[in-house]
Amino acid sequence: MAAITAKNLYKVFGKHAKRGVESLKNGSTREELREQGLTAAVIDASFEVEPGEIFVVMGLSGSGKSTLIRMLNGLWDATSGEIFIGDQNLAAMSEEELRTVRRDRISMVFQSFALLPHRTVGENAAYGLEIKGVSKQEREAKAEEALAMVGLEGWADSMPDELSGGMQQRVGLARALTADTDILLMDEAFSALDPLIRKDMQDQLIDLQASLNKTIVFITHDLNEAMRIGDHIAMMRDGRVEQIGTAEEILQNPANNYVADFVKDVDRSRVLNAENIVERPQNTLNASQGPLTAQKLLRESQNSWLVVLNADRTPAGV
């Protein structure tokens, strides 16, 4: 079962938003809705996020990606469509059930760090557990553990203003890890950081994911960041999802001219490897077989080369 499922999601802002959805379904454009005083932020978005993957939503400003992530944790209701967290339908939940899901199953990491300035680093990291009513001793122990994971061991008693921007963002990540939810939603989490610090945070997220195996939805406008960390990437434009695929699939088989133009300047050597360009042999020859068999296979395949394999299936030659 998918960790997150979105089915035909629409989010329209303004009066008579439902009517705006019907107009979109009948072929109206975003611009035509704007003339009616409506803003179509997300239009007919469908996707699944599998457990343990980093699912990146990539798009420029105004593409709808931040609206989408706020719908995934129930901060904004979908105008139309369905969102499932596992088998739980967000739209069918009461306010209390929704708060429970946000508290126990979903954590959020914000671009603005969102630290409480009057609380220590440790207290900030443990804040989610405090809301849950976890004892002080237990939440302090878990906060210390999470801070160590993000490279901030020994900083629990410091105040946020004593930390650099990169360190403050690590506290935000530690707070999400302390809550120990299955799902992390990261909204432009590294966008405010300097390039070198940003790369360090990307490395740390990849390393943490290898050990923690969380389900992560990561919002970014940086294509290189998306290609570097995403298991799957959803490319958004003007509220719509243009393509979903791995970095390799998007680079090699863009769905349309917009995606092709978007990825044309990507350094492919950072994304593609030998597996992506290898030409697999149609036939192979055992080392014990002779030249007549080789000639027959080459003639049948109309190929100019043939791999010869040892008994243990390792290459003996060509």
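From a predicted model like this one, the values you see are computed outputs, not experimental measurements.

Before going further, it helps to examine a nonpolar patch on the surface. Taken together, the side chains of Phe13, Leu75 and Trp76 make up a nonpolar region of the molecular surface, amounting to roughly 270 Å² of accessible area. With respect to the element layout, Phe13 can be found in strand β1 (residues 4-13).

For the pair helix α8 (residues 165-179) and helix α9 (residues 195-212), the least separation of the axes is 11 Å and the interaxial angle reads 20 degrees. Between α8 and α9, the angle is such that the two are roughly parallel. For α8 against α9, the interelement crossing comes out right-handed. Judged by residue contacts, Gly166, Gln169, Arg170, Leu173 and Leu177 of α8 engage Ile197, Asp200, Met201, Gln204, Leu208 and Leu212 from α9. Across the contact of α8 with α9, the residue classes tally to six nonpolar, three polar and two charged.

Right, let's get into the pattern of salt bridges. Across all of its chains, the model carries 16 salt bridges by this definition. With a closest N to O distance of 3.9 Å, Arg198 and Asp222 form a salt bridge. Of the two residues, Arg198 is situated in helix α9 and Asp222 in the loop between β8 (215-220) and α10 (223-229); the sequence distance between them amounts to 24 residues. Ionic pairing is found between Glu225 and Arg198, a salt bridge with its closest N-O pair at 3.0 Å. Remark: Arg198 occurs in helix α9 and Glu225 occurs in helix α10; sequence separation between them is 27 residues. Accessibility assignment for this pair places Glu225 and Arg198 in one class, buried. Several salt bridges converge on common partners, so that one network encompasses Arg103, Asp104 and Lys132.

If you walk across this open sheet you meet the four strands as β2-β1-β4-β5, and the pairing is antiparallel. Each edge of the open sheet carries a strand with a single partner, namely β2 (39-49) and β5 (88-89). Summarising the sheet, β1 and β2 pair through seven bridges and their orientation is antiparallel. Looking at β2, one finds that Ala6 is bridged to Phe47. Its contacts with the sheet place helix α1 (residues 17-25) against β1, β2 and β4 (80-85), and it is angled at close to 110 degrees to β1. Sitting on the sheet, helix α3 (residues 65-72) is in contact with β1, β2 and β4, with an inclination near 120 degrees to β1.

Definitions and cut-offs
Residues numbered from 1 in each chain as written. Predicted model: local features only at pLDDT ≥ 70, side-chain atom pairs only at ≥ 80, totals over all residues. Heavy atoms only, no water. Patch = residues over 30% accessible without salt bridge, like charges linked within 9 Å, V, L, I, M, F, W, Y side chains within 5 Å. Areas by Shrake-Rupley, 256 points an atom, 1.4 Å probe, with all protein chains shown as cover. Salt bridge = Lys/Arg side-chain N within 4 Å of Asp/Glu carboxyl O. Helix = DSSP H or I, 4+ residues; strand = E, 2+ residues; numbered from the N terminus. Axes fitted to C-alpha atoms, helices over the stretch in contact; angles between N-to-C directions. Parallel < 35°, antiparallel > 145°, perpendicular 65-115°, else oblique. Left-handed = near helix turned anticlockwise from the far one by under 90°. Contact = heavy atoms within 4.5 Å. Nonpolar A, V, L, I, M, F, W, Y, C, P; charged D, E, K, R; others polar. Buried < 20%, exposed > 50% of the residue type's maximum accessible area, 1.4 Å probe, protein only. Pairing = 2+ DSSP bridges.

In short, geometric facts, not functional conclusions.
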